[in-house]
Amino acid sequence: MVYVYRMLFLTLAPTLVLLHTEAAWGSVVLAVPEPELARAADVIAFGQIVHTQTEIADGRVVTHATMQVLDAIWHTTVKSFLELYVPGGNLPNRLVATAPGAPRLKNGDMVFGFFQKLENGVVPLGLSYGLLRVRSTQSGDLRVYRELDGLQFVDRSGNPVSTESIKIADVPLKEFAARIRQHLSSVGPVDPSSPSTVKQ
Amino acid sequence: MRWVTCLVIFCCVTPALAQIDNSAIECADNGPTFFPRGDHWAMTPPAASNPIQIRHQKDGSSQALAIPISDLIKTINIAHTKWQTASCSPGTPNLKVEDGITSYSVNYPTRDRGDTYDGNKNLISSQNIIYFIQQAVVGGPDRFTVALTTNTMYPDTGFTITSDMEFNDYSFDWRAQYTESGTLHGPFGCSASSVTCYDIGSVALHEFGHFFGLNHVQCTDAVMYPQAASTAQFAGLTIHETAGICTLYPPRNAAVADRDRVEQCAQTSQCPNGQVCIKSGILSNPTTSADGWCTTPCSNTSQCPDGFVCGTISGQNTPSFCKPGVHNTGGATTGGGGGTGTTDNNGQSLDICSPCSAGTQCANGECISDNTGLQICTIACLPGGVGGGTTNDSGCPNNMECLGTSDPSVNFCWPINGDATSCAQSTGVGRALNELCFSNQGTTATDDDFFTPCGPDLVCVDFKPSCQSQVGACVLYCNQSLPCAAPNQQCCFGIDDNGGCVPPNAQSPHGGCYTIRHEGESCVTAEQSVCEQGSGCFFFGDATTAKCYSFCGAGDACDSSQQCHSYGDSCSNVYNLCCDKDTVSNTQCEPLKTVATYDVGVRCSKSSECNTNMCIQYNGENACSRICNAVTGYGCPGNVDVNGDGTADGGFTCRLIGDEGRCWPNAGPVAPLGHDNQCVAAPGGGCCSDNKCETTANLFYNGAWLPLAFATMRYRRRRIS
């Protein structure tokens, strides 16, 4: 059994590296230029998942994640909590509901989200397309990247969008947040509800 | 070298679990390429009598769409029929899908999701729904998501229970056309020349590939090519999809009396000779439960048919069996990917050290545990290194070493000394319990505050603003339905202006766990910084000596051995505190010594001596302990003073003791204060003994742990003024 495992790993490992830029899956999402994504979002924030639980919402299995806002970019406040919902989740008896392209969230995850506001919370725009991951380097720098797994990208006309064109890989968080703020500043004043952008 | 005791259930079979692998595989130079994802439907023979039934949401699809319902249903039915009628030479796939309206004239009066659950989230009944959603709802397509398919399955066996396909009908327009009996019907719906007009048939054909368990391939002519235009019209399956569906659902052998390979079964006796009925094994009656399917036992993948790999079920004493996977499937026949997008530019896993329960949760597929219960995602490594034999050459991140396993040829990166907290911190997962996560200096200068993430299970909670700053620290997360695990901790939904615990309220549904401290007890660490009502946390000069003091004055009297004395802080606030009569001065105040129980890490003989009511034995010694998360390593106090002698005592490691994680002091149990009779140097000068330290007389209020926490500050957020 161990031998089998080893062989599998050794053969899988090179493929992991080769394929990591081109992955996608069945959920079809709209991919728009970054400024448009920023302006389309009701809420934009960098934060951390502090709690997750699977819920059944109108017959759907959803993961309800509580996200603590660490940097408020748009229409939220630092240290507040966002109730975030994504499709899929773990059910009793090992049943799992998975939606391709939907981010799988767990406690401690750091994310940078472009959200659509719903009555009882927020959802990311375009599943993982609108919920970027943030990782910390060993030196403590925070870096943003976008998971492309499980997604098929199209533009507003339904034409395919190259994953290469929307790839975000290892962008420093500060740089990325500044870039998003810049996108927003071009369409109006800085969000007054965001104390991280305006000193009280 | 310390050896990682690699549990067989994780280490040796994880890569072959029926995991949902979201990658695409390379296209073969010639011939078909397909990608079995690992999940699949198991048909019950005869398939014609037991089809996978899909349910079109009749009213949902006819309201907003300018497409007659019958034509819309036909368009979608044609999509899945193309898969079912693929030519497998000879025969067709052992697969049967029908829709309820067309086949059974079923009238669906409501637009419900079809699946029902009981109060414990157990799936009671399910239906496979085709749904054109007309408003944003939780769990459905958001306004950027064109179409979404959700499968519910047993991931360990790949047995699919139900699948729902949703089309976004509130943000996008749809069109349909189809050919029936040589006659073109349509086009219906929006104009193909207009923007946001998506072809239902094309999207559905692609989605049904996923519905049946196939993933993307990088063949530009394939239906399962991930970058196909949603406005295009697919004529039908290509050689890639045909090979894939015929391999996953091989044509039924008519000579088989009961169940054929990959068909549903309840017990092995139903399967062809030499095959087993493999189940998730979690149902109450595994002999008769119907969630099994017939497959071939194996010991390695070469014994499996094409399109199947050899794997087993984690935690189950079941034989290894052949399950759908990348094995002779065209391009990249020896690979299949995994964790795409979760590796950095060097292909390094991004979630090393993350807690896990299965390889599917890890970027590189390795969820490994050791004999202490630590179970994390990690990566393989070369113990000798590629450059001459040092750990740094092994490919492991800093603070990790390359350790061998029970198989000498397999090595994994592992946190040095098995310290999960160190592991997490080394990869920057977040601040540990009691560490600073937020600081606002209270000035108008830029770059004067920061906010940084806490580790798993922790939340950043603000403390009462001191006169100089507002700070927050990482404490264990809780809410009204998730109480604190430690019996002596209380869920506080904020800290009020007096430094007290805020009870649950509608405005603050999220909270942190605190040990409410009594007069005389240390309040240095963040989770111990809340003093009981009528008292506050103060220190004189040295923050590491902060304790809870009772307030006095205005009717609040002190104990007979105390006197009420006024002190001011650097912001001209005045506090009246009860002080020990024998030591009180303008620069010194000792609270009443009412410390009756020990903190975590202090030597004990029985649980009642501990404020956690938990005295445990480990390695022949006893110490007060508390529950922690053995997987993440989080939940223990940091390097704090546990016995009140003014010196830090070395911190804790969350160890698996018994069946649960327990905090154990790294330097061993610490003697209770006064029991060691040692005089140690105080950080602020002077000499401490028996809980009395002479220090300088600066009074601060509630923020005693601030200097400690600032020592670890590393991320500052610039403010825009």
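If you're wondering where the values come from, they're calculated on a predicted model, not measured in any experiment.

**Q** A description of the overall build of chain A should follow, citing residues and the corresponding values.
**A** Per the secondary structure count, chain A includes four helices and 12 strands. Expressed as a percentage of its 200 residues, the buried residues of chain A come to 66%. When the accessible surface of chain A is totalled, it reaches about 6,700 Å², and 55% of it is carbon and sulfur.

**Q** Outline the pattern of salt bridges, listing residues and values.
**A** According to the stated counting rule, one finds 20 salt bridges over all chains in the structure shown. For the salt bridge of Asp42 of chain A with Arg143 of chain B, the shortest nitrogen-to-oxygen distance reads 3.2 Å. Of this pair, Asp42 of chain A sits in the loop between helix H2 (34–40) and strand S2 (43–57) while Arg143 of chain B sits in the loop between strand S5 (128–133) and strand S6 (145–154), each in a different chain. For Arg143 of chain B, a relative accessible area of 24% gives the class partly exposed. Two residues, Lys547 of chain B and Glu590 of chain B, come together in a salt bridge whose shortest N-O distance is 4.0 Å. In this pair, Lys547 of chain B is assigned in strand S27 (residues 547–550) and Glu590 of chain B in the loop between strand S29 (574–580) and strand S30 (615–618), connecting sequence segments 43 residues apart. The class of Glu590 of chain B is buried, set by a relative accessible area of 6%.

**Q** Pulling in residues and values, what's your account of the nonpolar core?
**A** Grouped together as the largest cluster of nonpolar side chains are 122 residues, with contacts concentrated most on Ile44, Phe112, Phe114 and Tyr129 of chain A together with Phe208 and Phe212 of chain B. Among the elements that line this core, the one with the most residues is strand S3 (residues 60–74) of chain A, at seven residues. Non-local contacts of Phe114 of chain A, meaning those with residues more than four positions away in its chain, are made with Leu37, Ala38, Ala41, Val43, Ile44, Val123, Pro124, Leu125, Gly130, Leu132, Phe176 and Ile180 of chain A. Among the nonpolar cores identified, the runner-up in size contains 17 residues, and Ala97 of chain A together with Val262, Cys304 and Phe308 of chain B belong to it.

**Q** Outline the environment of Met614 of chain B, supporting the account with residue identities and numerical values.
**A** All names here are of chain B. Here Met614 shows up in the loop between S29 and S30. Here Met614 falls in the buried class, since its relative accessible area comes to 14%. Beyond its immediate stretch of four places on either side in the chain, Met614 contacts Ser607, Ala623, Cys624, Ser625, Arg626, Ile627 and Arg662.

**Q** Give me the lowdown on the state of the cysteines, citing residues and values where you can.
**A** What is meant by a disulfide is a covalent connection between two cysteines, made through their sulfur atoms. All names here are of chain B. Applying the stated criterion across every chain, the model contains 20 disulfides over all chains. Note that Cys492 is cross-linked by a disulfide to Cys501, the S-S spacing being 2.0 Å. Between Cys492 and Cys501, the disulfide has an S-S torsion of -115 degrees and is therefore left-handed. One disulfide bridge connects Cys579 with Cys589, the sulfur atoms lying 2.0 Å from each other. Between Cys579 and Cys589 the sulfur-sulfur dihedral comes to about -105 degrees; the bridge is accordingly left-handed. Of this pair, Cys579 sits in strand S29 while Cys589 sits in the loop between S29 and S30; the two residues are 10 residues apart in sequence, bridging distant segments of the chain. A residue is classified by how much of its surface remains accessible, and Cys579, at 0% relative accessible area, is buried.

**Q** Tell me about the confidence of the model for chain B, residues and numbers included.
**A** Any region with low pLDDT has predicted coordinates that should not be read closely. Residue and element names in this part refer to chain B. Chain-level statistics for chain B give a pLDDT mean of 74 and a share of 70% at 70 or above. Mean pLDDT per element in chain B: helix H1 (residues 8–11) is the minimum at 26, and helix H6 (residues 239–248) is the maximum at 95. Low pLDDT, under 50, characterises residues 1–22; the stretch is placed with 92 contacts to residues that sit more than four places away or in other chains. Across residues 332–350, confidence stays below pLDDT 50; counting only partners more than four residues off in sequence or on other chains, it has 69 contacts. Here the complex is predicted with pTM 0.75, and the ipTM for its interfaces comes to 0.81.

**Q** Help me get a handle on the sheet that holds strand S8 (residues 173–180) of chain B, residues and values and all.
**A** Residue and element names in this part refer to chain B. In space, the three strands of this open sheet follow the order S9-S8-S10, with mixed pairing throughout. Because the sheet does not close on itself, it has two edges, and the strands there are strand S9 (183–189) and strand S10 (197–199). Taken over all neighbouring pairs, the strand axes of this sheet differ in orientation by 20 degrees on average, direction set aside. In the sheet, S8 pairs with S9 via five bridges, with the strands oriented antiparallel. The residue of S9 that forms the bridge with Glu180 is Thr183. In the packing of helix H3 (residues 69–84) onto the sheet, contacts are made with S8 and S9, and the angle to S8 comes to roughly 70 degrees.

**Q** Can you break down the packing of aromatic side chains residue by residue, with the values?
**A** The final tally for this structure, using the stated rule, is 23 aromatic pairs over all chains. Here the aromatic rings of Phe538 of chain B and Phe551 of chain B are separated by 5.9 Å at their centres, their planes lie at 90 degrees, and the arrangement is edge-to-face. You can see Phe538 of chain B sitting in strand S26 (residues 535–540) and its partner Phe551 of chain B sitting in the loop between S27 and strand S28 (562–568), a full 13 residues away along the chain. Note on Phe551 of chain B: relative accessible area 22%, which makes it partly exposed. Taken together, the ring pairs connect Trp41, Trp83, Phe208, Phe211, Phe212 and Tyr249 of chain B into an aromatic cluster. For Arg60 of chain A, the ring lying beneath its charged end belongs to Tyr131 of chain B, and the centroid distance is 5.4 Å. The lysine or arginine in question, Arg261 of chain B, covers the ring of Phe308 of chain B, its NZ or CZ lying 5.0 Å from the ring centre.

**Q** So what's going on with the packing of H3 of chain B against helix H5 (residues 200–211) of chain B? Residues and values would help.
**A** Residues and elements named next belong to chain B. Where H3 contacts H5, the axes come no closer than 9 Å and their chain directions differ by 40 degrees. Considered as vectors, H3 and H5 are oriented oblique to each other. For the element pair H3 and H5, the recorded crossing hand is right-handed. Contact with H3, carried on its side by Leu72, Thr75, Ile76, Ala79, His80, Lys82 and Trp83, involves Ile200, Gly201, Ala204, Leu205, Phe208 and Gly209 of H5 and no other residues of that element. Here the contact of H3 with H5 is composed, by residue class, of eight nonpolar, four polar and one charged.

The rules behind each value
- Residues numbered from 1 in each chain as written.
- Chains lettered and ligands numbered in written order.
- Predicted model: local features only at pLDDT ≥ 70, side-chain atom pairs only at ≥ 80, totals over all residues.
- Heavy atoms only, no water.
- Helix = DSSP H or I, 4+ residues; strand = E, 2+ residues; numbered from the N terminus.
- Buried < 20%, exposed > 50% of the residue type's maximum accessible area, 1.4 Å probe, protein only.
- Areas by Shrake-Rupley, 256 points an atom, 1.4 Å probe, with all protein chains shown as cover.
- Salt bridge = Lys/Arg side-chain N within 4 Å of Asp/Glu carboxyl O.
- Core = buried A, V, L, I, M, F, W, Y, C linked by side-chain atoms within 4.5 Å.
- Contact = heavy atoms within 4.5 Å.
- Disulfide = S-S within 2.5 Å.
- pLDDT = per-residue confidence, 0-100.
- Pairing = 2+ DSSP bridges.
- Axes fitted to C-alpha atoms, helices over the stretch in contact; angles between N-to-C directions.
- Phe/Tyr/Trp six-rings, centres within 6.5 Å; stacked < 30°, edge-to-face > 60°.
- Lys NZ or Arg CZ within 6 Å of the ring centre and 35° of its normal.
- Parallel < 35°, antiparallel > 145°, perpendicular 65-115°, else oblique.
- Left-handed = near helix turned anticlockwise from the far one by under 90°.
- Nonpolar A, V, L, I, M, F, W, Y, C, P; charged D, E, K, R; others polar.

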